[in-house]
Amino acid sequence: MSVEIESRECVVRGDGGVVEQLVVNVGPSHPSTHGVCRVIVHLDGEVVTKAEPVIGYLHRGIEKMAENRTYLQVVPLTDRLDYVGSMYANWAYCRALERLAGIRVPERAEYLRVIVCEMQRIASHMMSLGSAAADSGAATMFIYAFDQRERIIELFEELCGARLTYNYVRPGGVSFDVPEGWVETALAFCRTHRAALTEMDRLYFGNVIARDRLKGVGVLSAADAVAWGASGPVARGSGVNFDLRKHDPYSVYPRFDFDVPTGSNGDCYDRARVRLFECYESCRILEQAIAQMEPGPFRTEGLPRLLAPRPGDAYDHIESARGSLGVYLVADGTPRPYRMKVRSPAFCNLALLPMLAEGHMLSDLVVILGSLDPVFGEVDR
Amino acid sequence: MALVDRLGQTLDSGSGGGIILTSVDALANWSRGKSLWAMPMGTACCAMELIAASFNKFDFDRHGTFPRPDPRHTDVMVVAGTITRKMAPAVKRLYEQMADPKWVIAMGNCAISGGIFYYDTYSVVRGVDEFLPVDVYIAGCPPRPESLQDGVLRLREIIATGSISPDRVREAVLTLPSSGAVSFGKRPGEGEAR
Amino acid sequence: MNIPELRDHLCAIHPDLCPLFSIEFGDGVLSVPCEKLYDAAADLRELGFDRLGMVTAVDHGTEFEMVYRLHSRSMSAAIFLKCGVSRDEPRVRSLVDLWPAALWQEREAYDMFGIEFEGHPDLRRILLPEGWEGFPLRKDYCDDRVVRRPDYI
């Protein structure tokens, strides 16, 4: 089921020549598809003439389930959307709900949200860089990157007791304040993480084989990135300077000094490199946020357990590790959402795959897929 | 515990050395249980913990368990994550492609019963045991990597009771509480012979 | 650009769209009749809304409401575009010509609500398997396999 030949037939090419066209099925269980993606690939020799992703193998109907849960009970469902970066979906949902119900969030909670989300960005990018590298054969990089990710997971575990599904960001604040000594561990992590990033940069991006595999593969132009609704590192790798933290500033992000790394060629190399540099920027934000954070309440007291916002609809979005993640909520005055829609960045980015893969070799397909960094919990929802 | 588990001592003390006596079942179960190659059927969140279990910190290899994505190379399928109606035929087909003898571990609440996706959803299969014979269930959403390792050790206990002759299979007797890596300190009366 | 500025800007260029503009929960909303949707979207694209962020629908029982969210980087502003679609004959013109981003998102809306997009080149199910009966996000969707959650609250 990993890779198998579906059909083999002769087709007449545009110039009159006859080629043997292979139709190969990749997935839905394949180590390089980052989950349960299936790609039906039409091949001329080893060159991809058409790649058609088939998604939905992890479609769990979260949007329908939310319609029969109270507003608070939806938060754990959002954890399972983007399981590499659960904090983002938590936060995006809470922001939409806070906008709908008019809930004010204490300042310390905003800082805590920024801190965990920037750590989540590092953890998510480490997973993405590592697995994308392993797809092209650089398994050592995966081990270095996973070591860094594991350190953040440990910090999160200390903070909220879970390794993956945190349920940490709640409407009106966060679920726990930081434990004693946590902030110091986080700062110490930032210092060691910078050194580790530099080492990874040399190890992977300095490797001539990795550069050959990544450079010039899957080139996405800036105009296409905008028209196809790409966001996050995929759009920024093509030179589109679009980051919601800068261009639609939310929470306390305007108070931090950070840069938005962008690429220029829009190939797999630039997309991966942008992720690496974003980790440096996340460290900067993390240190500033910890320095600026002041004691105070970490959640709004006196919120009713049954929130019933007035009828209306609200949308809010944040910059997740994969791009702009939005949640659209429709309320009808009852304690349950009337409709929840998750605008998933990975879904929009994955739509680019047929365009990017065309004309490349079959072995480049997994590199391109890895550089788009899809998480199928979020793609399929 | 089979004699083969103490190969070293047995060899030295045996008459003349170099000869041990054991049953064919014990030898077969020993070799099956000690190198369980896993087919990581990771679909959702649990797949992250499955990866974590096989990496630096938790190091699955020391139990002889090594993830191989090709079903034809593997002995145990670790179903880690939600199985949807669209995915179920693929999982079943992968299971059928595995060579006998084969086992199934259901990792996480979704694979056990649908977990958080039991109610209200139209597309989730409520538990992988609707279409696969599951040997070990590991609860958690997601379970910690240590739990997965414990599950593999439990599977070994089950394998140790098997036989190459079907009518000699003994019923598995599992010891409780868990002998896994998580320990909460000794409770009174614990540690003595049960 | 904030929302009132956006309204003034829009009114100056497209006076016919001006009465359809409203502000809800801090978002600019442009509610248009269904037959004018494509033209309004094209006008907004000319105006600088270069990204199509989201395409979705809401089942209001009597009719479907199509919801599009457009975003402009140059103006750093976002706007909702909404139109009501009849439930008996859910049909709306596809925006794929304007933004290719609509390609998958409209397929998803078709998959979940059964809304037909006229002019969509490849309208078929995307998340659910081929041959699935019914459209699950409709409020009247029935499926015997669904177990309703007991009402604890």
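A count of helical and extended segments in chain A gives 15 helices and nine strands. The globule rule puts the C-alpha radius of gyration for 381 residues at 21 Å, and the 21 Å found for chain A is close to it. Overall size of chain A, expressed as C-alpha extent along the three principal axes, is 75 × 50 × 35 Å. The buried share of chain A, reckoned over its 381 residues, is 67%. Pairs at least 24 residues apart make up 69% of the contacts formed inside chain A by residues separated by at least 6 positions. With the model as given, the accessible surface of chain A reaches about 12,000 Å², and the carbon-plus-sulfur share is 51%. The average position of the 41 basic charges and that of the 49 acidic charges among the side chains of chain A differ by 4 Å.

A full pass over the atoms with the stated rule returns 46 salt bridges over all chains. D243 of chain A is paired through a salt bridge with R245 of chain A; the nearest N and O atoms lie 2.8 Å apart. When its relative accessible area of 3% is taken as the criterion, R245 of chain A is described as buried. Close ionic contact of E146 of chain B with R144 of chain B constitutes a salt bridge, the shortest N to O distance being 3.1 Å. The buried category is assigned to E146 of chain B, whose relative accessible area is 15%. Relative accessible area serves as the criterion here: at 27%, R144 of chain B is assigned to the partly exposed category.

Moving on, we come to the nonpolar core. Within the largest apolar cluster, 211 residues are counted, with the highest numbers of intra-cluster contacts made by Y93 and Y168 of chain A, M77 of chain B together with Y68 and L81 of chain C. Top element by residues in this core is helix α4 (residues 107-135) of chain A. It accounts for 13 residues. Mapped onto the domain boundaries, this core takes at least three residues apiece from domain 1 (3-54) and domain 2 (62-380) of chain A. When neighbours within four sequence positions are excluded, M77 of chain B is seen to be in contact with M39, M41, V91, L94, Y95, M98, W103, V104, I105 and L132 of chain B.

A separate point is the sheet that holds strand β8 (residues 323-331) of chain A. Residue and element names in this part refer to chain A. With respect to topology, three strands assemble into an open sheet ordered β7-β8-β9, the strand pairing being antiparallel. Since the sheet does not close on itself, it has two edges, and those belong to β7 (312-320) and β9 (337-343), each with one partner. When the angles between neighbouring strand axes are averaged without regard to direction, this sheet yields 15°. Direction of pairing for β8 relative to β9: antiparallel, over a ladder of six bridges. Across the sheet, the residue bridging to V327 is V342, located in β9.

With that out of the way, let us pick up the interface of chain B and chain C. Listed as interface residues are nine residues of chain B and, on the opposing side, 15 residues of chain C. Both faces considered, chain B and chain C share a buried interface measuring about 1,000 Å² in area, 63% of it formed by carbon and sulfur atoms. On the chain B side of the contact with chain C, Y119, D120 and Y122 of chain B bury the most area, a combined 58% of that side's loss. The tally of links between chain B and chain C comes to one salt bridge. A salt bridge links D120 of chain B to R148 of chain C; the shortest N-O distance between them is 3.9 Å.

The partner chain C presents 45 residues to the 45 residues of chain A that form the contact. Each partner contributes to the roughly 3,900 Å² buried at the junction of chain A and chain C, and carbon and sulfur atoms together form 57% of this total. Looking only at chain A, the three residues that lose the most surface to chain C are K64, Y338 and F347 of chain A, adding up to 14% of its buried area. For D313 of chain A, the salt bridge is made with K82 of chain C, and the minimal N-O distance between the two is 2.3 Å. In this assembly, chain A and chain C are joined by 15 residue pairs in polar contact (both at pLDDT 80 or more).

Attention now goes to the side chain of D270 of chain A. All names here are of chain A. Here D270 lies in helix α11 (residues 268-292). The buried charged residue D270 lacks any salt bridge, with K215 as its nearest oppositely charged partner at 6.6 Å. Within the local environment of D270, its side chain forms a polar contact with the backbone nitrogen of S264, the two atoms lying 2.9 Å apart. Polar contacts involving the side chain of D270 include one to the main-chain amide nitrogen of N265, which spans 2.6 Å. Excluding its chain neighbours within four sequence positions, the residues that come into contact with D270 are G237, G263, S264 and N265.

Residues and elements named next belong to chain A. Split into domains, chain A comes out as domain 1 (3-54) and domain 2 (62-380). Computed from C-alpha coordinates alone, the two centres of domain 1 and domain 2 are separated by 32 Å. Taken together, the contact pairs 17 residues of domain 1 with 17 residues of domain 2. Of the roughly 1,500 Å² buried at the junction of domain 1 and domain 2 (both faces included), carbon and sulfur atoms supply 69%. Viewed at the interface, domain 2 and domain 1 are joined by zero salt bridges. Applying the counting rule to domain 1 against domain 2 returns three residue pairs in polar contact (both at pLDDT 80 or more). For the side of domain 1 that touches domain 2, the secondary-structure elements that each account for two or more residues are β3 (38-44) and β4 (47-54).

All right, on to the sheet that holds strand β2 (residues 66-67) of chain B then. Residues and elements named next belong to chain B. The strand order across the open sheet built from five strands is β2-β1-β3-β4-β5, with neighbouring strands paired in parallel fashion. Unpaired on one side and paired on the other, β2 and β5 (136-138) mark the two borders of the sheet. Inspection of the sheet shows strand β1 (residues 37-42) paired to strand β3 (residues 76-80) by five bridges, in the parallel sense. Across the sheet, the residue bridging to M39 is M77, located in β3.

Structurally, the position occupied by R69 of chain A is in the loop between α1 (62-66) and α2 (74-79). Within the structure, the side chain of R69 of chain A is placed 2.8 Å from the side chain of D120 of chain B, a separation counted as a polar contact. Apart from residues lying up to four places away in sequence, R69 of chain A is in contact with V74, L77, P335, R336 and P337 of chain A, I116, Y119 and D120 of chain B together with R149 of chain C.

All right, on to the packing of helix α5 (residues 139-160) of chain A against helix α3 (residues 45-53) of chain B then. Between α5 of chain A and α3 of chain B, the shortest axis-to-axis distance is 11 Å and the interhelical angle comes to 115°. On the basis of their axis angle, the class for α5 of chain A and α3 of chain B is roughly perpendicular. As α5 of chain A packs across α3 of chain B, the resulting crossing turns out to be left-handed. Of the residues in α3 of chain B, those touching α5 of chain A at F142, F146, R149 and E150 of chain A are M48, I51 and A52 of chain B. Here the residues of the contact of α5 of chain A with α3 of chain B sort into five nonpolar, no polar and two charged.

On to unusual backbone geometry, then. One can expect most non-glycine residues to show negative phi and most peptide bonds to be in trans. Looking along the chain, the bond that leaves C141 of chain B and enters P142 of chain B is cis, with omega of -15°. We note that N167 of chain A has phi near 55°; this positive angle belongs to a residue other than glycine. Counting through the fold element by element, N167 of chain A comes out in the loop between α5 and β5 (169-170). Exposure remark for N167 of chain A: the relative accessible area of 19% places this residue in the buried category. Phi at D373 of chain A takes a positive value of approximately 55°, unusual for a residue other than glycine. Residue position: D373 of chain A is located in the loop between α14 (362-372) and α15 (376-380). Relative accessible area serves as the criterion here: at 4%, D373 of chain A is assigned to the buried category.

What counts, and where the lines are drawn
Residues numbered from 1 in each chain as written. Chains lettered and ligands numbered in written order. Predicted model: local features only at pLDDT ≥ 70, side-chain atom pairs only at ≥ 80, totals over all residues. Heavy atoms only, no water. Helix = DSSP H or I, 4+ residues; strand = E, 2+ residues; numbered from the N terminus. Rg over C-alpha atoms; globule rule 2.2 N^0.38 Å. Buried < 20%, exposed > 50% of the residue type's maximum accessible area, 1.4 Å probe, protein only. Contact = heavy atoms within 4.5 Å. Areas by Shrake-Rupley, 256 points an atom, 1.4 Å probe, with all protein chains shown as cover. Lys, Arg positive; Asp, Glu negative; His and termini not counted. Charge placed at Lys NZ, Arg CZ, Asp CG, Glu CD. Salt bridge = Lys/Arg side-chain N within 4 Å of Asp/Glu carboxyl O. Core = buried A, V, L, I, M, F, W, Y, C linked by side-chain atoms within 4.5 Å. Domains from an automatic or database assignment. Pairing = 2+ DSSP bridges. Axes fitted to C-alpha atoms, helices over the stretch in contact; angles between N-to-C directions. Buried area = accessible area lost by both parts, 1.4 Å probe. Polar contact = N/O pair within 3.5 Å; in protein donor to acceptor, adjacent residues only side chain to side chain. Parallel < 35°, antiparallel > 145°, perpendicular 65-115°, else oblique. Left-handed = near helix turned anticlockwise from the far one by under 90°. Nonpolar A, V, L, I, M, F, W, Y, C, P; charged D, E, K, R; others polar.

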